[in-house]
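Reading the structure
Listed below are the residues making up each chain.
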Amino acid sequence: MPDNSIEFEDNFKKQFKYYKANRVKPSFHDVMSVDVLKDNEVITVTPLNAETDPRGALLGLQKQSLWHTFAFQNHPGLLLIRNPFTNAGQRYWIQRCLQEYPKKPNKLNIDIETNVQDWWLECFKDGECNRVLQKKLRWTTLGYHHNWDTKVYSDESRTPFPEDLLELSDVVAQYLGYTNFKAEAAIVNYYHMDSTLSAHTDHSEVNLEAPLLSFSFGQSAIFLIGGKNKSIEPSAILLQSGDIIIMSNEARLCYHAVPRIVPTEFSPWNHENLEIPDNTSSVVNFKYISNPSQLIAVMEKCINNEMWNQFNNYIEESRINMNVRQVLNESQISITDEKFNNK
Ligand code: SIN
């Protein structure tokens, strides 16, 4: 996609540098937080759909009537659902991003250097935690693997998408009114306290009508979102653990970035109330999950503090973001599907 921004002043970069700076610490005065509502910035649109989806509880979500959803005055199409997860649900998803998703056949940024089959296991191979290896992981890709060089998805670089993340994305998409959304690609980003993510747009998907769902866990972040070129000054939004950002319609192709990770004031994964749902998995109809009792088994493991400790040590100093996209158009079966080749 052509970058028309070069002839303009790069206001995005200015803001990015401002929030990234360490020598002169940035003021957070202009950072929007949906916890501190300002009428001229944030609009509450809650509840979008208060009818509870029975799958939610087993996926670590609160009842939908309790969800708080916000829209942004200057960013049509951008929505934020403020942490709809239970505390045990937060533990579940943090554990999945650390222990499960970085396993082969998923792709990792460290593949060329290390080629490990199971990164988390490798980190504890010698009985204690290998912090150096832990900090090296910056991303894992799932489903259609993002190609960082060509930015083009290919049918040859596709592996099965995790059923639980497929189901979670479906529950969130249904809540938003996207009845045909299907998660087909994800990038899981791992940030440490000094990590940043530079300005970019996500435009590789064939289907750019489908929203992008972005789930945050762990430490907080300053998220910058601007317009379709970098001359537009971005807004800064505080993202906290459990928040879901939705980039849809006009916001789908906007520049965004993460210039700073911020220590969290809350650690919901460590709150005392770690209730897990009753095992009703056999009576809930899942669309994608073939073995729902596994969800409860993993949640039970996660609420055991001794077992949780290794994940806790990681998340106390890190942030994880799961960025989920639909790649294909409805009824398209592959990138090379002939029906869609002239598009
Ligand atoms: C991304 O845009 O890929 C990640 C954004 C985030 O970490 O919140």
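In what follows, the structure referred to is the one given above.
Numbering of residues begins from 1 in every chain and follows the order in which that chain's sequence is written. In keeping with the predicted nature of the model, local features appear solely for residues at pLDDT of at least 70, side-chain atom pairs appear and are counted solely at 80 or more, and the whole-chain, interface and lining totals rest on all residues. Values shown for side chains rest on all heavy atoms present in the structure; no hydrogens or waters enter the calculation.

Let's shift gears to the site of the ligand. With respect to spatial proximity, the complete set of residues near the ligand consists of Asn189, Tyr191, Leu197, His200, Leu239, His256, Val258, Arg319, Asn321 and Asn323. Here a polar contact is taken to be a pair of N or O atoms separated by no more than 3.5 Å, where protein atoms must pair a possible hydrogen donor with a possible acceptor and residues adjacent in sequence count only if both atoms sit in side chains. Between the ligand and the protein, one listed contact pairs an oxygen atom with a side-chain N or O atom of His256 at 3.0 Å. Between the ligand and the protein, one listed contact pairs an oxygen atom with a side-chain N or O atom of Asn323 at 3.4 Å. Surface exposure here means Shrake-Rupley accessible area, sampled with a 1.4 Å probe, where a residue is shielded only by the protein chains that are shown. In the complex, 97% of the free accessible area of the ligand, which totals 260 Å², lies under the protein chains. Note on conventions: DSSP H or I runs of at least 4 residues are helices, E runs of at least 2 residues are strands, and numbering of each starts at the N terminus. The set of elements that each furnish at least two residues to the shell around the ligand consists of β7 (185-192), β8 (197-200), β13 (256-262) and β14 (318-325). It is β14 that provides the largest number of residues to the shell around the ligand, a total of 3 residues. Residues are grouped as follows: Ala, Val, Leu, Ile, Met, Phe, Trp, Tyr, Cys and Pro are nonpolar; Asp, Glu, Lys and Arg are charged; every other residue, Gly included, is polar. Classifying every residue of the shell around the ligand gives 4 nonpolar, 5 polar and 1 charged. Put simply, a residue is near a molecule or strand once any heavy atom of it comes within 4 Å of that molecule or strand.

The 5 strands are arranged β1-β11-β10-β13-β8 in an open sheet whose pairing can be described as mixed. At either end of the open sheet lies a strand with only one pairing partner, and these are β1 (31-32) and β8. Where strand β10 (residues 220-225) lies against β13, 5 bridges are found, and the strand directions are antiparallel. Across the sheet, residue Ser220 finds its bridge partner in β13, namely Val262. Throughout, a residue-residue contact means that at least one pair of heavy atoms, one from each residue, lies within 4.5 Å. Helix axes use the C-alpha atoms of the stretch in contact, all axes being lines fitted to C-alpha atoms, and the angles between their N-to-C directions lie in the range 0 to 180 degrees. The sheet strands contacting helix α1 (residues 11-20) are β1, β8, β10, β11 (235-239) and β13, and the helix crosses β13 at an angle near 10°. Any two strands between which DSSP finds at least two bridges are classified as paired.

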